[in-house]
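Now for the letters of each chain:
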Amino acid sequence: MAKNKTEQKQQYMICALLDDLVPEDHLVRKLDRYVDWSFIYDICDPLYSNRGTNRVDPVVLFKMMFINIIFGYHSMRKTCEDIKVNLAYRWFLGLGFEDTVPDHSTFSQNYRRKFKDNNVSIRIFEAVIDQLISNGVIDPSVLFIDGTHVKANANKHKDVSREVQAAAKRCKKLLDEDVARDREEHGKKALKEKKNQAPEIKEIKASRSDPDCGYFHKGEKEKCFAYNANTSCDRHGYILGMSLDPGNIHDSQAVYHVLDFIDHMPFSPEIEKIVADAGYSNPELAHYVGEKDKELIVPKKRTRSRGKGKYGKYRYEYDEKLDAYVCPQGCLLRYCTTSREGRRIYKSSRKECEACPFRASKCTESKDGVKTIERHIWQEDLDKATQRASGTEKETYQKRKQTIEKVFADGKRRHGLDYTLYTGFERVYDNLMLIFTGMNLKKLCTYLGRMQEAHCAQNSCFEHQNEETLKAMGIG
């Protein structure tokens with residue numbers, strides 16, 4: 001009985017070079033052409049012993065991991081299965097038809113025994129940043145920062161209550177010094193130092209399977225255990241830094257960790273401006289960035305409504321010369337004291353408030369009949385930052401949606417940034433660092449590929465014009 005066409009084609013014998021079977025426009029060709037992978041040997045070779053059986057090439061291991069990330073598998077087992085039958089992947093890894101593809105557990109075992117304790121993922125990220133710098137594709141003058149929550153590999157219904165020590169504020173020492181100076185300028189006594197003060201303890205909900213993550217809940221979003229990844233990128237969308245915290249740590253506190261990471265990068269001196277959303281709009285961060293001779297660009301936070309018809313804080317104008325607030329009825333709220341937390345307290349006159357017809361209906365319902373307003377001693381730094389976002393740097397701030405927000409959207413949609421398959425801070429951190437490295441590699445190769453295509457098209461057009469010119473002159 002004659003075989004049908006499908007069965008006949010299945011019996012074809014192909015005699016061709018593996019290089020000829022990989023399309024010229026395939027992404028793996030760009031990854032091979034534009035990325036110098038030898039830096040992996042410099043990082044990993046010292047971690048291997050010269051004795052024992054032959055190792056699996058570390059470049060092959062990390063190339064497999066980047067195939068898993070860049071092509072959106074989100075499963076090392078699935079990646080290994082596809083490498084067995086995918087000619088482009090085999091070509092990229094340097095594996096022939098007869099070569100065995102490493103098992104999916106090989107990378108995990110190498111990570112546990114060698115890579116985990118040697119910051120290999122961070123060193124690879126930094127090496128790729130060096131290649132981005134050498135190619136001249138990044139512009140660190142303006143840094144866009146934001147945080148995203150990565151769902152943890154933990155059941156949200158399996159939790160336990162745990163007491164933890166509250167984290168100390170980054171600018172505490174500097175704040176204490178400025179508070180003492182401010183009180184002295186206003187003729188107030190110095191605050192007494194608190195001796196043998198017990199650390200602040202708070203109770204949190206912790207996961208049984210992954211104690212390092214945090215319980216996250218915000219607005220209408222799903223309550224879950226998650227990690228908070230604060231990330232920075234430039235105006236082209238290249239990721240330049242990342243930090244990881246439990247999901248219950250607010251962005252305004254976690255941002256200092258990503259700033260610490262960036263401070264150790266070679267492009268750090270070139271940073272001029274830092275752009276962030278309203279979640280980072282606080283006086284402490286504005287002052288911290290200003291102390292580093294950089295400009296912070298953040299929008300104003302929306303103030304909470306005090307009820308229909310009530311005066312909001314924005315209705316009370318601050319007079320810098322008088323160092324007092326002016327209420328909508330023209331009365332002054334004068335300086336009273338400066339608290340240990342760095343807030344100046346302004347209070348109105350009881351006599352003036354008692355005679356005001358709007359005191360109870362629109363202003364204050366306090367028992368003593370006095371209106372009180374607080375102002376942080378670093379409020380001026382924050383005011384400058386918010387004025388930039390709505391004034392001279394409005395266009396810069398609006399680029400957030402084209403940069404950092406696009407990074408998160410692309411990462412969650414295509415590269416497994418929406419949830420993690422791993423448990424434990426170190427493993428999740430290293431995995432996210434490799435994800436961001438893979439995204440940088442993909443972006444770099446795509447850009448350089450387009451530039452080369454445009455260059456070739458321009459040369460072709462130039463040659464065509466020369467031929468037409470020679471023909472018109474009767475030459476050739």
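Parameters and conventions
- Residues numbered from 1 in each chain as written.
- Predicted model: local features only at pLDDT ≥ 70, side-chain atom pairs only at ≥ 80, totals over all residues.
- Heavy atoms only, no water.
- Helix = DSSP H or I, 4+ residues; strand = E, 2+ residues; numbered from the N terminus.
- Contact = heavy atoms within 4.5 Å.
- Phe/Tyr/Trp six-rings, centres within 6.5 Å; stacked < 30°, edge-to-face > 60°.
- Buried < 20%, exposed > 50% of the residue type's maximum accessible area, 1.4 Å probe, protein only.
- Pairing = 2+ DSSP bridges.

### Focus on the side chain of Asn-431
Within the fold, Asn-431 resides in helix 17 (residues 425–472). In this structure, Asn-431 is in contact with Thr-420 and Tyr-422, ignoring residues within four places of it in sequence.

### A short note on the environment of Glu-272
Tracing the chain through its elements places Glu-272 in the loop between helix 10 (251–263) and strand 7 (273–275). Spatially, the C-alpha atom of Glu-272 lies 6.3 Å from that of Glu-295, the residues being 23 residues apart in sequence. The contact partners of Glu-272, leaving out residues within four places of it in the chain, are Pro-140, Ser-141, Lys-294 and Glu-295.

### With respect to the packing of aromatic side chains
The tally for this structure, following the rule as stated, stands at 17 aromatic pairs. Between Trp-37 and Phe-66, the ring centres sit 5.9 Å apart and the planes meet at 45°, which makes this aromatic pair tilted. With a gap of 29 residues between them, Trp-37 in the loop between helix 2 (27–34) and helix 3 (39–44) and Phe-66 in helix 4 (residues 58–70) connect regions that are remote in the sequence. With 5.0 Å between their ring centres and 90° between their planes, Tyr-256 and Tyr-288 make a pair best called edge-to-face. Separated by 32 residues along the polypeptide, Tyr-256 in helix 10 and Tyr-288 in helix 11 (residues 283–291) bring together distant segments of the chain.

### Structural notes on the pairing of strand 6 (residues 239–246)
Burial of strand 6 is extensive: seven of the eight residues sit out of reach of the surface. Strand direction decides the pairing type here: strand 5 (residues 224–233) and strand 6, joined by seven bridges, are antiparallel. Among the inter-strand pairings, Tyr-227 is bridged to a residue of strand 6, identified as Pro-246. In sequence, strand 5 turns back onto strand 6 through a hairpin of five residues, with Gly-237 there showing a positive phi of about 90°.

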